[in-house]
Amino acid sequence: MGIGAIQVLIHASELLTGEGIRRKDGRRVKPQDVGRIPDGALVCRDGKVEWVGPTSKLPAKYARAKKTDLKGLQAVIPGLVDCHNHLIFAGDRSEDFAARCGGATYQEIAARGGGIARTVSETRKATSKELERLATARLRELASHGVRTVEIKSGYGLSLEAEIKILEVIPRLRKKFPHLTLTATFLGAHDFPKERTRAEYLDDLVSRMLPLVAKRKLADACDVFVDEGYYTCEEARRILTRARELGLKIKFHADELANTESATLAAHMGALSADHLLKISDHGVQALAKSQTVAVLLPGTAFYLKASHAPARKLIEAGVAVAIATDFNPGTCVMLSLPSVMTIAALYLGMTGAELLAATTYNAAKALGLEKCKGTLTKGMDADFAVLPYARFEELYYHFAR
Ligand code: NIG
Ligand code: FE
């Protein structure tokens with residue numbers, strides 16, 4: 001929708017505002033919290049929601065406005081938010097995939113030169129234009145699934161020049177996709193580059209890379225992959241403390257391959273989110289429940305890695321705000337359909353429709369620090385909505401891989 005324009009939608013088969021989800025801060029949501037309005041109408045002006053309610057109650061002042069009539073066939077929901085995505089990289093890892101199908105583990109493949117290192121080498125070789133072309137096609141596909149806000153992580157450069165090359169693609173994507181909101185996360189701490197010592201790279205991260213990224217405003221947040229064989233909690237604390245001093249928000253890849261108590265650290269450091277959590281401990285669950293940190297679950301990744309899923313029910317019942325995202329990346333989840341991730345979450349994580357809506361709207365916005373304006377369709381919120389090709393919201397994840 002263009003700025004300054006008024007847009008009126010009428011006769012949505014149903015309109016889900018998500019109002020109750022916001023009221024509960026995305027915790028322990030129930031079916032009635034989705035704010036379902038049968039035969040709904042929505043008025044947006046200047047990029048904000050101005051009025052929402054049943055079509056029969058549309059105020060008379062909109063009588064002459066041009067309207068889009070959904071004829072009772074299509075549902076309207078808040079625009080989806082993909083809050084964990086590694087959109088920008090070159091090359092493919094289909095050989096790694098074949099090795100994994102043959103029984104090799106993710107860590108074994110990384111140890112023999114595949115894994116993140118393989119994508120780093122391809123991404124370093126690619127031109128900035130090439131990275132933009134690849135990311136553009138991916139973003140278009142993501143948006144076709146109703147996604148209106150996307151977090152984009154760097155992390156396949158692992159050098160100052162290459163990380164900057166990746167991050168610089170994001171402002172160009174913003175120009176190309178003005179109807180989308182794109183946030184940038186610096187993930188220089190995704191792995192260690194092969195050509196340098198661990199200590200050298202860590203020093204470079206905190207003393208050169210982070211200050212430059214912050215000064216040039218190339219990122220909103222900083223993330224660290226804390227795991228066995230990757231970064232330790234101590235290293236993450238050092239990197240993210242510096243990031244916070246420089247004005248960046250902080251995030252964690254936490255407790256994915258092994259339990260490192262990184263979710264607990266994320267909660268204690270006030271991170272926006274702790275992501276993955278396949279191996280989270282009960283202690284980690286309690287720490288998240290007491291915090292403002294969102295648990296971002298990535299069930300497409302657990303599926304693709306043939307790993308056991310994150311304990312979604314335990315997290316939700318403990319009162320944690322749970323989001324889900326695609327984690328689109330070349331190694332552990334090569335898919336761009338957030339609705340299909342919802343299907344996996346419904347089947348294997350036992351999440352209900354209301355929980356899935358919360359997980360892809362309000363809670364996902366909160367994982368990016370955007371919950372004040374996104375994730376809910378009520379007066380004053382951003383006019384980010386998705387018109388589904390279905391009459392009921394629940395059909396969005398009932399159809400699979402569509
Ligand atoms: O989120 N866990 C770390 N990073 C990615 C995988 C990166 C890769 O294998 O290329 C993830 O799963
Ligand atoms: Fe990831």
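Structure shown above.
Okay, so let's go over this structure. Residue positions within a chain follow its written sequence, with the count starting from 1. As a convention, the first chain written is A and the first ligand written is 1, with the rest following in written order. Side-chain atom pairs in this predicted model are given and counted only at pLDDT of 80 or more, local residue features only at pLDDT of at least 70, and totals for whole chains, interfaces and linings cover all residues. Values shown for side chains rest on all heavy atoms present in the structure; no hydrogens or waters enter the calculation.

### Focus on the overall build of the chain
Helix and strand counts for the chain stand at 17 helices and 14 strands. For a compact globule of 402 residues, the expected C-alpha radius of gyration is about 21 Å, and the chain comes in at 21 Å, within 12% of that figure. Dimensions of the chain, computed from the C-alpha atoms along their principal axes, are close to 70 × 45 × 40 Å. Accessibility here uses a 1.4 Å probe with only protein chains present; expressed as a share of the type maximum, an area under 20% marks a residue as buried, one over 50% as exposed, and anything in between as partly exposed. Expressed as a percentage of its 402 residues, the buried residues of the chain come to 61%. Contact between two residues is taken to exist if any of their heavy atoms lie within 4.5 Å; hydrogens are not considered. Of the contacts made within the chain by residues no fewer than 6 positions apart, 72% connect residues no fewer than 24 positions apart. Helix and strand assignments follow DSSP, with helices taken as H or I runs no shorter than four residues and strands as E runs no shorter than two, numbered in order from the N terminus. Only C-alpha atoms enter the radius of gyration; for comparison, a globular chain is expected to reach 2.2 Å times N to the power 0.38, where N is the number of residues.

### Here's the deal with the side chain of K374
One can find K374 in the loop between α16 (362–366) and β14 (385–387). Given the relative accessible area of 6%, K374 is considered buried. Under the rule applied, a polar contact is a pair of N or O atoms within 3.5 Å (in protein, one hydrogen donor and one hydrogen acceptor; residues adjacent in sequence only if both atoms are side-chain atoms). In terms of polar contacts, K374 uses its side chain to reach the side chain of D382, at 2.6 Å. Leaving out residues up to four positions away in the same chain, K374 has contacts with R22, T149, T181, A365, M381, D382 and D384.

### Considerations on unusual backbone geometry
Even without being a glycine, H11 presents a positive backbone phi close to 55 degrees. Looking at the secondary structure, you find H11 in strand β1 (residues 6–16). A positive phi angle, close to 55 degrees, is found at D25, a residue other than glycine. If you trace the backbone, D25 turns up in the loop between α1 (19–23) and β2 (36–45).

### Let's talk about the site of ligand 1
In the vicinity of ligand 1 lie 15 residues, with R93, Y106, Y156, H190 and T332 positioned nearest. One nitrogen or oxygen atom from the side chain of Y106 is found 2.4 Å from an oxygen atom belonging to ligand 1. A distance of 2.7 Å is found between an oxygen atom of ligand 1 and a side-chain nitrogen or oxygen belonging to T332. In short, Shrake-Rupley with a 1.4 Å probe defines the accessible areas, and a residue's cover is counted only from the protein chains shown. Considered on its own, ligand 1 offers 330 Å² of accessible surface; in the complex 100% of this is hidden by protein. Every definition here rests on a 1 Å grid over the protein atoms only: cavities are sets of points where a 1.4 Å probe fits but cannot get out, pockets are open sets enclosed by protein on both sides within 12 Å along at least five of seven lines, and lining residues have some atom within 4 Å of a point. Whether a molecule lies in a cavity or pocket depends on its atoms, and more than half of them have to be within 2 Å of the grid points. Cavity membership is defined here by more than half of the atoms lying within 2 Å of grid points; on that basis ligand 1 lies in the largest cavity. Residue polarity follows a fixed list, in which Ala, Val, Leu, Ile, Met, Phe, Trp, Tyr, Cys and Pro are nonpolar, Asp, Glu, Lys and Arg are charged, and the others, Gly among them, are polar. Grouping the constituent residues of the shell around ligand 1 by class yields 4 nonpolar, 8 polar and 3 charged. If even one non-hydrogen atom of a residue comes within 4 Å of a molecule or strand, that residue is called near it.

### A closer look at the side chain of T55
Topologically, T55 is positioned in the loop between β3 (48–54) and β4 (67–69). For T55, a relative accessible area of 12% gives the class buried. With near-sequence residues (within four places) excluded, T55 lies in contact with I10, H11, D39, G40 and A41.

### Description of empty space enclosed by the protein
Grid points are joined across faces, edges and corners, and a volume is the space filled by probe spheres set on the points. One pass over the structure, following the stated rule, counts 2 cavities of 30 Å³ or more. Roughly 110 Å³ of volume is contained in the largest cavity. Together, 14 residues line the largest cavity, and H86, Y106, H190, N329 and T332 are the ones closest to its centre. Here the lining of the largest cavity is built from residues that sort into 4 nonpolar, 7 polar and 3 charged. In this structure, the second largest cavity spans a volume of roughly 50 Å³. Every residue lining the second largest cavity is listed: G26, R27, R28, V29, I316, V320, A321, V322, M351, E355, A358 and N363. In this entry, domain limits derive from an automatic or database-based domain assignment. Residue contributions to the lining of the second largest cavity reach at least three from each of two domains, namely domain 1 (3–78 + 379–398) and domain 2 (80–366).

### Overview of the environment of F400
Here F400 shows up in the segment after α17 (395–398). For F400 and S121, which are 279 residues apart along the polypeptide, the C-alpha to C-alpha distance reads 34 Å. Dropping the residues within four chain positions of it, F400 is found in contact with S340, T343 and I344.

### Some points on the sheet that holds strand β12 (residues 294–297)
At least two bridges found by DSSP between two strands is the condition for calling them paired. Strand order in the open sheet formed by 8 strands is β6-β7-β8-β9-β10-β11-β12-β13, and the pairing between neighbours is parallel. The two strands at the open ends of the sheet, each matched to only one other strand, are β6 (80–82) and β13 (322–324). If you compare each strand with its neighbour and ignore which way they point, the axes differ by 25 degrees on average. Two strands pair when backbone bridges link them, and strand β8 (residues 181–189) and strand β9 (residues 221–225) are joined in this way by 3 bridges, in the parallel orientation. Note that in β9 the partner of F186 across the bridge is C222. For every element, the axis is a line fit to its C-alpha atoms; helices are fit only across the contacting stretch, and the angle between N-to-C directions ranges from 0 to 180 degrees. Its contacts with the sheet put helix α14 (residues 338–348) on β6, β7 (147–153) and β13, and the angle it makes with β13 is roughly 125 degrees.

### Looking at helix α5 (residues 128–144)
How far a helix is expected to stretch is found by multiplying one less than its residue total by 1.5 Å. Here α5 spans 24 Å end to end across 17 residues, near enough to the 24 Å set by a 1.5 Å rise per residue. G146 lies just past α5 and shows a positive phi near 95 degrees.

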